[in-house]
Amino acid sequence: MTPERLQELIAAGESLDVEFKGEERKPLSDDELVETVVCLANRSSSASAWLLIGVEDDGRVTGARPRHESGRTDPLRLAALIANRTRPSLTARVALVSLEGKEVITLEVPSVQTPVGTTAGKYLRRALGGDGKPCCLPMFFHEMHARQADRGAEDYSALVLPNATWDDLDPLEFERFRRSIRERRGGDPSLLTLPDLELAKALGAVEANGQVRNVRVLGLLLFGKEESLRRLLPTHEVAFQVLAGHRVEVNDFFRWPLLRVMEECEQRFAARNREREILVGMLRIGVPDYPPAAFREALANALIHRDYTRLGAVHIQWHSDRLEISNPGGFPEGVRPDNLLVTAPRPRNPLLADAFKRAGIVERTARGIDTIFYEQLRNGRPTPSYDRSNEAGVVLVLPGGEANLEFVRLLVEESRAGRDLGLDDLLMLNALWRDRRLTTEEAARLSQKPEAEVRATLSRLVEMGLVESRGERKGRTWHLSAVTYRRLGQPAAYVHQRGFEPLQQKQMVLQYVEKHGRITRREAAELCRLGPHQATRLLDRLVKDGHLVRLGTKKGTYYQQRT
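Because the structure is predicted, anything quoted here is derived from the model rather than measured. (Residues numbered from 1 in each chain as written. Predicted model: local features only at pLDDT ≥ 70, side-chain atom pairs only at ≥ 80, totals over all residues. Heavy atoms only, no water.)

### Let's talk about the overall build of the protein
Phase 1 of the analysis: Summing up its helical and strand segments, the protein has 21 helices and 23 strands in all.
Phase 2 of the analysis: C-alpha atoms of the protein, sized along the principal axes, occupy 90 × 90 × 45 Å.
Phase 3 of the analysis: Residues classed as buried in the protein amount to 49% of the 563 residues present.
Phase 4 of the analysis: Excluding contacts between residues fewer than 6 apart, the proportion of contacts in the protein whose partners are at least 24 apart in sequence is 61%.
Phase 5 of the analysis: Working note: accessible area of the protein is about 27600 Å², and carbon and sulfur atoms make up 49% of it.
Phase 6 of the analysis: Between the centroid of the 84 positive side chains of the protein and the centroid of its 78 negative side chains there is a distance of 5 Å. (Helix = DSSP H or I, 4+ residues; strand = E, 2+ residues; numbered from the N terminus. Buried < 20%, exposed > 50% of the residue type's maximum accessible area, 1.4 Å probe, protein only. Contact = heavy atoms within 4.5 Å. Areas by Shrake-Rupley, 256 points an atom, 1.4 Å probe, with all protein chains shown as cover. Lys, Arg positive; Asp, Glu negative; His and termini not counted. Charge placed at Lys NZ, Arg CZ, Asp CG, Glu CD.)

Structure follows, in structure tokens:
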């Protein structure tokens, strides 16, 4: 740990990964130190955390008191104290750093795969308190299961339910599973001829050797009787709600087996989901309020990835302008809204996810997120959003409202011409329609892929005549072509996009010079998102028109307002 790195941590302030412990008012006892280290180790992150002793809550450096008889702090003895008083033993990296003439003790707490407690049996976790600030909270037994599932170290759906028996399973649900395989595309037909017990064994729903020894959580979720689910798995619940402003029109809760819940919710969805038709040549194309495939994948994801150790229901909320599907439990470790489209599938309940695939409910490629985004965009709708998700739950919002029917028509025409567009293509076209222009950097953030891949996607759209580029290198921007705007029924939008740019660039440069007194070619290029040669031509044009005067030579050239 260097003083510079320590200053960076202090400047960033306390967070889930950084804890300040000042000793200005009260010395930090060994018990408090060990408990704080345990708390930081049990947070939901794969990165190291930091404990800074001698830094107050407001970031002031007051210094740490010596912790050993010699009048100093021995980092090795402090690390040994932590290792001896934690189970499993935790190895923290301890260092003494001098800052502002005072000594700060820094402890780097590594991420661990299993929950860590003190030798006194105390388990704490790092989380946000009710005031929105990081704090240490008790870590309960069911939260340990949830944490292991988040990290992929445990499959909750594979756990044995001690009080569950074969009699808690409903034979009708086994037949429902077989019907799902027959009716849905992609199911596992090899399961169709198996008797109930063999089917349960093949899915991993029970442990049996001639007779059933144990029923797993998966068995109860797929085949359990309603009464048994209420008694043995009280955290399982699904809500279907229809909201009209502040008025609740439908508010139904189900504690049924998962396939029965899926069927009920899909039927209710189909009954409310309206559809418009457009004519493309001789084809009639239906454009629904919400794509059925996207809804099915979203609901299946919520049921598969929910945290079954937490109380709370999977909510399906139908609003007038959107559809929301939420589930208890945040994203698994390593999954975030900004990498959803590219991260490898990490189901919280792998055995349950596999059963849904074999029933034909979800794709065997495990890329249901791609389906949700693709179907939503293909039907002329805005991009789905996971922005309201947090560590307590995942919230998916499917925007509704009026569909862009001309956009749907364009996609159908491209498909009929043998030019099928993929998800990245649709993301780009939708963003260009909404925001009018994109930089390569913005497009990379949108598709969650490297700029080189995004540039190749945009260049392919240029070759197809759907997109045009403007500028060079880092100053390059992308916008829809004149042909695309015409096919979308807004030919004037292209003129607005292309025609106003020179005037806008001129005014931007003049306002910059008026405020700062001068401008260089590099500053003009960054300001207007132009390449170097384009920036030079813009500045030369302003000089020729009498607005600016050029001063200096070569690399020292700059431009000022003509007096």
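Following the structure, the description resumes.
### So, the environment of Gly117
Phase 1 of the analysis: As for its placement among the helices and strands, Gly117 is situated in strand S6 (residues 117-118).
Phase 2 of the analysis: With a relative accessible area of 0%, Gly117 lands in the buried category.
Phase 3 of the analysis: Taking the C-alpha atoms as reference points, Gly117 and Leu9, 108 residues apart in sequence, are found 26 Å from one another.

### Here we look at the sheet that holds strand S13 (residues 247-254)
Phase 1 of the analysis: Taken together, the five strands give an open sheet; going across it, the order is S13-S12-S16-S17-S18, and neighbouring strands pair in mixed fashion. Each end of this open sheet is capped by a strand with a single partner; those strands are S13 and strand S18 (393-399). Going from strand to strand, the sheet's axes swing by 10 degrees on average, the running direction of each strand aside.
Phase 2 of the analysis: Direction of pairing for strand S12 (residues 238-244) relative to strand S16 (residues 314-318): parallel, over a ladder of five bridges. By the bridge assignment, Gln241 is partnered in S16 with Gln317. (Pairing = 2+ DSSP bridges. Axes fitted to C-alpha atoms, helices over the stretch in contact; angles between N-to-C directions.)

### What to know about the pairing of strand S15 (residues 283-288)
Along a regular strand, successive side chains alternate from one face of the sheet to the other.
Phase 1 of the analysis: With six bridges connecting them, strand S14 (residues 275-280) and S15 associate as antiparallel partners. Considered in S15, the bridge of Val280 is made with Leu283.
Phase 2 of the analysis: Connecting S14 to the next strand, S15, in antiparallel fashion are two residues, including Gly281 with a positive phi near 65 degrees.

### Structural notes on the sheet that holds strand S5 (residues 102-109)
Phase 1 of the analysis: Taken in spatial order, the four strands make up an open sheet running S1-S2-S5-S4, and their pairing is mixed. The open sheet has two edge strands, strand S1 (18-21) and strand S4 (93-99), and neither has a second partner. Averaged over all adjacent pairs, the angle separating strand axes in this sheet is 20 degrees, with direction ignored.
Phase 2 of the analysis: Examined bridge by bridge, S1 and strand S2 (residues 49-53) share four bridges and lie parallel to one another.

### Describing the pattern of salt bridges
Close approach of charged atoms lets side chains of opposite charge pair.
Phase 1 of the analysis: The full count for this structure, using the stated rule, is 53 salt bridges.
Phase 2 of the analysis: Note that Glu19 and Arg126 form a salt bridge whose closest N and O atoms lie 2.8 Å from each other. In this pair, Glu19 sits in strand S1 while Arg126 sits in strand S7 (residues 124-128), placing the two residues 107 residues apart along the sequence.
Phase 3 of the analysis: One salt bridge connects Glu414 with Arg419, and the closest N-O pair in it is separated by 2.7 Å.
Phase 4 of the analysis: Residue classification places Glu414 among the buried residues on the basis of a relative accessible area of 0%.
Phase 5 of the analysis: Counted as one network, the salt bridges with shared partners bring together Glu173, Arg176, Arg179, Glu183 and Glu263. (Salt bridge = Lys/Arg side-chain N within 4 Å of Asp/Glu carboxyl O.)

### Some remarks on the side chain of Thr440
Phase 1 of the analysis: Take Thr440: it is sitting in helix H15 (residues 440-447).
Phase 2 of the analysis: Beyond its immediate stretch of four places on either side in the chain, Thr440 contacts Glu451, Val454, Arg455, Arg476 and Trp478.

### Digging into the nonpolar core
Phase 1 of the analysis: Phe177, Leu222, Leu303, Ile316, Leu352, Phe356 and Tyr386 are the most contacted members of the largest nonpolar core, which has 94 residues in total.
Phase 2 of the analysis: Beyond its immediate stretch of four places on either side in the chain, Leu222 contacts Glu173, Phe177, Leu203, Pro257, Leu259, Leu352, Ala355 and Phe356.
Phase 3 of the analysis: Membership of the second largest hydrophobic core comes to 23 residues, among which are Leu40, Ile53, Leu90 and Ala92. (Core = buried A, V, L, I, M, F, W, Y, C linked by side-chain atoms within 4.5 Å.)

### Some words on the packing of helix H10 (residues 292-305) against helix H11 (residues 350-358)
Phase 1 of the analysis: In the contact formed by H10 and H11, the axes pass within 9 Å of each other and the chain directions differ by 150 degrees. Residues Ala300, Leu303 and Ile304 of H10 form the contact with H11, whose participating residues are Leu352, Ala353 and Phe356.

### Side note on the pairing of S18
Phase 1 of the analysis: Within S18, seven of the seven residues are buried, which leaves the element mostly enclosed by the surrounding structure.
Phase 2 of the analysis: Here S18 shows two buried faces, one formed by Gly393, Val395, Val397 and Pro399 and the other by Val394, Leu396 and Leu398.
Phase 3 of the analysis: Across seven bridges, the pairing between strand S17 (residues 322-328) and S18 is antiparallel. Looking across to S18, one finds that Glu324 is bridged to Val397.

### Focus on the packing of aromatic side chains
Phase 1 of the analysis: Evaluation of the coordinates by the stated rule reveals eight aromatic pairs.
Phase 2 of the analysis: Judged by centre distance (4.2 Å) and plane angle (5 degrees), the rings of Phe269 and Phe295 are stacked. Highlighted residues: Phe269 in helix H9 (residues 258-272) and Phe295 in helix H10, separated in sequence by 26 residues. Here Phe269 and Phe295 have matching classes, each one buried.
Phase 3 of the analysis: Taking the centre distance of 6.0 Å and the plane angle of 55 degrees together, the rings of Phe331 and Tyr386 count as tilted. (Phe/Tyr/Trp six-rings, centres within 6.5 Å; stacked < 30°, edge-to-face > 60°.)

### Remarks on the side chain of Ser228
Phase 1 of the analysis: Counting through the fold element by element, Ser228 comes out in helix H8 (residues 226-232).
Phase 2 of the analysis: The exposure class of Ser228 is buried, given its relative accessible area of 1%.
Phase 3 of the analysis: Setting aside anything within four residues of it in sequence, one finds Ser228 in contact with Asp168, Leu220 and Leu233.

### Observations concerning the environment of Arg268
Phase 1 of the analysis: Among the structural elements, Arg268 can be located in helix H9.
Phase 2 of the analysis: Separated by 166 residues in the primary sequence, Arg268 and Lys102 place their C-alpha atoms 66 Å from one another.
Phase 3 of the analysis: Not counting chain neighbours up to four residues away, the residues in contact with Arg268 comprise Phe240, Val250, Asp252 and Phe254.

By themselves these figures say nothing about function.
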